[in-house]
Every structure is written in structure tokens, then in C-alpha cells.
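As a plain string of letters, each chain reads:
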Amino acid sequence: MIIHTDIVIIGGGIAALEAARNLSSRFDVHIITKADLKNSSSYKAQGGIAAVITTHDHTSLHIQDTLEAGEFHHHEENVKALIENGSSIVKELLQEGFKVDFDKDGEISLGLEGAHSKHRIVHAGGDATGKNLVNYLAGGLPPNVHIHTFEFAYELLLNSAGECCGVRVKTNEGEKSYYASYIILATGGAGALYECTSNCENSYGDGIALAYLAGAAITDMEFVQFHPSLLYVNGARGLVSEAVRGAGGRFVDQNGKPIMDGKHPLGDLAPRHITAHEMYKMRASGQETFIDISRIDHFDKKFPTIHALCHQNGVNLSNGKIPIAPGSHFLMGGVITNRYGQTSIPRLFAIGEVACTGVHGANRLASNSLLEGITFGKMMATHLLNNGNKQSNFISKNETGSSLPNNLYAKESLQEAMLNCAGIVRSNEGLQKLIQQLPSISSQKGRLQGYSKKLIELYFMNITASLIAHAAQARTESRGAHIRSDYPSKDELWQKKWIVFEQGKMNVRNDLYECNQTESYVNELF
Ligand code: SIN
């Protein structure tokens, strides 16, 4: 089956929905998702949207918090664009009718999360902001936005001018091809490459692998954020939002002793790489870790999702302690784009977690990701509404013949190895071991049409894992979420250096968008 349209968006989270509803005023839009709209990190997001919406706060403070949390590894103009435009876009969303939580004085209730200097987290339904926002945006889509669920995108199509002109998908019934003037990746992150994650279980970094195979530039893959508090009952069972600590929750050990005292001036609300690392060290030394919620009144009303999650997993909250462990949560890296979502491949765009605009630096500030989704989703749409034109060359030049390596690392082994070797703490030795297990991914030629969805998904997992492992091995320092036991400090030489993968090579750039890469760093990678 073949569909010709204006725009195809791959993915169904906040960035995709916000883009679609704006694009729909001029274009026909097809959204394709590999599961349904409930299956996204956006939908699962508990905390909320970080945004400056009151006169008690200022965008300069939000910018500063973002830069400090991310250890100044940012594209600063894009950070400014995110925070300043985001503030207006969130205010517009509230004015148009998106319902958020209010306090008893009738003011919008603003939560506090790690590394924020102000209460600025707008939330809805207590800890169900993502779900409420997805439902709100999806509920308002006009008829020229078509949603196709359970379709798995496995190959981007490029024409002879090197432009992206389509995408091939697998459905439950067979194959389908979409041809469009613009293809937009909004596939989210890659948390499920790790054994222990807050993400959906099929969040494998598909969009990054798709873009990599098409030859797009990808960066910052070493920066994987681990959240310090996933509910842990014989494995990770979902997120225990940082908002719980913002409301008075504390990290404690099995004896009820506070863990973060004296570890960081912000204590339980220190940046995530600090708290996640502390939980990791405690657990590695055989201790158990908890969040003490005994100081939070009406926990069930304030945090209904977490309350239900605990109940479903047999956690008795009457003793005031939630068992937690750190787990993978967010990928700061991704497909390089500018603030309008343009990638290095013409007519291929990327928005949301799959993209890297440099706004998260080495460690994302809490609740900046829903902000990123709606802000860059809208900015990309506005850009295309003003500048978009029709594609006329739909003849794909993709190679024929198959090219899938026959030594793919099996899913569970890969997830375990990623946690052990490319997890919260990495070393050259562990990363080298991991890299040796992963297949070479230098060859980007060939078609995947003949392979099953399951096998292609595994291939995509192997590709994305390989990019993370190689970047983590190359960055011989510790910065933000990238912690190397053999290089425990920040290194000036790595300040504002971006490790970039493009066309099967790894280079280091002095600027996110620099094209002449630093020759001395150039490596034949695979
Ligand atoms: C949380 O609620 O703790 C997560 C928020 C986020 O990752 O932005």
C-alpha cells in the first residue's frame, strides 16, 4: 500500500501532537506510531512542564538553572529560544483551555523539582501531566490529521538529491510506504536499551537508528540521564517523580537515615546525575534505598499515579517508605537539529527527545522535556507553515539487497550489558567489552525489507547501543550524566566538544553545527 501526503510524523508524543495540530492548518498530516498514543514517554511523564509563567520567576533564572544542571555543555542560543518561547507557548496553552492544577488560593500550583531555583513546574492531575496533555492535544486534532497506530517505521527513503521523501513501515498486515514533502522524526528516546528504565518497554531509539542509517548527523549519545527514583520491587516498576521530593520526600536508607545530607547543597533536590550516582553507590555497596514520604500530607491526592503504582506492586505506604532504585530515563543526545527541527538531511526533521538541539547539555533539567516537545514542536510547525513547499521527486535511490549483520546482540543480554558497561558509571574496560559484543554498524547500505519487525527492532537497538558505547568510550572525562570511573573529573579539553556520528564516522566538533570537524580527533569508528 502507498500513501502520498504532505507530512508524515513518526511518533505520537507531545512534540508530534503539538506539531500536527499546528501543521494541520495548511497540510495533511499522517502520524504513525509503533504502538498506540498511550505508549510514549510523554504519556508517562509525571512531573510536568517547567515554564516561567509568573512574575515571581524570570526566564534568566530558568536559563541559568538549565545551564548549571547540564554542566554548560549547551547550545546557549537554543536554550534561550526554548525557555523564552516556551514561556509564551505554555501561557497560550493555558489560555486556550488546557486544564492544570490550582492551589487553595486559586493560583496555578507550581511544583519544585531537582536543580530548579524556583517553583515553576506546571502540572495536571497531580502526577499525570503527560497523560492529560496527550489527551488534550490528541482530542483537538482536526480530520486532516490521520493517526496510524501499530505501524513500525523501518526505513527512510532518500531521492537522488539526497532529500528525504518517504518512509517504509511494517504493519500487522504487511508493508506500507508513505511519500511526503516532509518526514518528521518524533520517536522519543532510548531508555529501554537498559534493563532498568522509566521509559516504555519498546523505547529502543528507533528514530536515531533510522536517521543514522539514512546518514544524518547524530551527537551527544554518551549523555544518558538516569533518574534516581524508580519504584523498585524485584525490578523497576515505574517512576517515582522528583515532585515527590519537591513536596518533602527524602532519600533514606533501610534504617531511615537521610542519604543526601552533606552530599550537595541542594540535598534531595540536587541535579539528577548527583542523586542517581548516590543511589547507585548505596545499592552497589549492598544497601537498600527508599523515599521517605511521611512528611507529605494527602500523598494519595497529590500523587494519584504513584500511589496506584505502589498499590499495584504491593508496596504498603502506611510505613511511609517507597523502595527505589535509579534507572535510565532520558537521552540528551540524538539527531542534530536546529531550533526548527531541521536535520542534516534536507526534508528530514526531528523534534522532542529524538532530536539534539543542545538544550539539555550534559544533563537535562527536570521537566524541561515536555517544554521542549511543545516548544520545538510548535516552532518547527511554524517554520514549515511559512517556508514549506512541495516535494516533486519521490524516486527513492535506496540501495537494494539486504545488509543486516548476523551477530546481533540479543535483547536481554544487550539490556543487561548496557546497564553494567554503559550505565551510571562507565570505564574504558567495560565499554570496550561492550563494543566487542556489538556488531559493526559501519555499513549503512542495503534494504531491510525482507526482515521481520522484531529483527529490525533488534538491529536498531544494536545500532543505538553502539553509538552510546562508542561516544561514552571516546569522552575521556566525567561531565553531567556521563560519569567515567577512570576519568572522574571534568577536562577543559572536552569543554564544548560534540562527538558526532555521520556517514559511518565519528568526529569531534567544536560547535554543534560546525561542518569542518577537528581533524586531530577524527576516528575511523567501526
Ligand atoms: C519526574 O517527574 O521526576 C520526571 C520529570 C522529568 O524527567 O522531567
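Everything that follows concerns the structure shown earlier in this document.
Residues numbered from 1 in each chain as written. Predicted model: local features only at pLDDT ≥ 70, side-chain atom pairs only at ≥ 80, totals over all residues. Heavy atoms only, no water.

**Student:** An account of the overall build of the protein is requested, with residue identities and associated values reported.
**Tutor:** Of the regular secondary structure elements, the protein holds 14 helices and 22 strands. The C-alpha radius of gyration of the protein comes to 22 Å, within 12% of the 24 Å expected for a compact globule of 526 residues. If you line up the protein on its principal axes, its C-alpha atoms span 65 × 55 × 45 Å. Here the protein holds 526 residues, and 63% of them are scored as buried. (Helix = DSSP H or I, 4+ residues; strand = E, 2+ residues; numbered from the N terminus. Rg over C-alpha atoms; globule rule 2.2 N^0.38 Å. Buried < 20%, exposed > 50% of the residue type's maximum accessible area, 1.4 Å probe, protein only.)

**Student:** Pulling in residues and values, what's your account of the packing of aromatic side chains?
**Tutor:** A complete count under the given rule lists 7 aromatic pairs for this structure. Look at Tyr182 and Phe349: their rings are 5.7 Å apart centre to centre, the planes differ by 80°, and that puts the pair in the edge-to-face class. You can see Tyr182 sitting in strand E9 (residues 175-185) and its partner Phe349 sitting in strand E17 (residues 348-350), a full 167 residues away along the chain. A single burial state applies to Tyr182 and to Phe349, both of which are buried. Look at Tyr194 and Phe226: their rings are 5.2 Å apart centre to centre, the planes differ by 80°, and that puts the pair in the edge-to-face class. Here Tyr194 is found in the loop between E9 and helix H6 (206-214), whereas its partner Phe226 is found in strand E11 (residues 224-232), with 32 residues between them in sequence. In this pair, the class of Tyr194 matches that of Phe226, namely buried. One aromatic cluster is present, built from ring pairs that chain together Phe152, Tyr459 and Phe460. (Phe/Tyr/Trp six-rings, centres within 6.5 Å; stacked < 30°, edge-to-face > 60°.)

**Student:** Describe the sheet that holds E11, naming the residues involved and giving the relevant values.
**Tutor:** Strand order across the open sheet formed by 5 strands is E12-E11-E15-E14-E13, with antiparallel pairing between neighbours. A strand with exactly one partner marks an edge of an open sheet, and here the two such strands are strand E12 (236-239) and strand E13 (250-253). Put simply, the sheet's adjacent strands are angled 55° from each other on average, direction ignored. Packed onto the sheet, helix H8 (residues 272-284) meets E11, E13, strand E14 (289-292) and strand E15 (321-331) and runs at close to 55° relative to E11. (Pairing = 2+ DSSP bridges. Axes fitted to C-alpha atoms, helices over the stretch in contact; angles between N-to-C directions. Contact = heavy atoms within 4.5 Å.)

**Student:** Can you lay out the site of the ligand for me, pointing to particular residues and giving the numbers?
**Tutor:** The ligand sits among Gly47, Glu113, His227, Leu239, Ser241, Glu242, Arg272, His329, Arg364, Ala366, Ser367 and Ser369. Separating an oxygen atom of the ligand from a side-chain N or O atom of Ser241 is a distance of 2.6 Å. A distance of 2.6 Å separates an oxygen atom of the ligand from a polar backbone atom of Glu242. Notes on the ligand: free accessible area 250 Å², of which the protein chains cover 95%. Tallied by class, residues from the shell around the ligand come to 2 nonpolar, 6 polar and 4 charged. (Near = heavy atom within 4 Å. Polar contact = N/O pair within 3.5 Å; in protein donor to acceptor, adjacent residues only side chain to side chain. Areas by Shrake-Rupley, 256 points an atom, 1.4 Å probe, with all protein chains shown as cover. Nonpolar A, V, L, I, M, F, W, Y, C, P; charged D, E, K, R; others polar.)

**Student:** Kindly report on the pattern of salt bridges, identifying the contributing residues and their values.
**Tutor:** Under the definition given, this model contains 29 salt bridges. Note that Glu222 and Arg475 form a salt bridge whose closest N and O atoms lie 2.6 Å from each other. Highlighted residues: Glu222 in the loop between strand E10 (218-219) and E11 and Arg475 in the loop between helix H14 (453-474) and strand E20 (483-484), separated in sequence by 253 residues. This pair shows no difference in class: Glu222 is buried, exactly as Arg475 is. Sharing partners across several salt bridges, the network here consists of Lys34, Asp206, Lys453 and Glu457. (Salt bridge = Lys/Arg side-chain N within 4 Å of Asp/Glu carboxyl O.)

**Student:** Would you mind going over the pairing of strand E21 (residues 498-502) in detail, with residue names and values included?
**Tutor:** Burial analysis of E21 places 4 of its 5 residues in the buried class, the great majority of the element. Across 2 bridges, E10 lies against E21 in antiparallel orientation. Pairing of Thr219 across the sheet is with Val500, part of E21. Bridge count for E21 against strand E22 (residues 505-509) is 5 bridges, and the pairing is antiparallel. Looking at E22, one finds that Phe501 is bridged to Met506. Hairpin remark: E21 followed by E22, antiparallel, with 2 residues in the connecting loop; positive phi at Gln503, about 50°.

**Student:** Run through the side chain of Thr171, naming residues and quoting values.
**Tutor:** For Thr171, the position within the fold is in the loop between strand E8 (164-170) and E9. Within the structure, Thr171 has its side chain in polar contact with the backbone nitrogen of Glu173 (distance 3.0 Å). If sequence neighbours within four positions are ignored, Thr171 has contacts with Phe150, Glu151 and Lys176.

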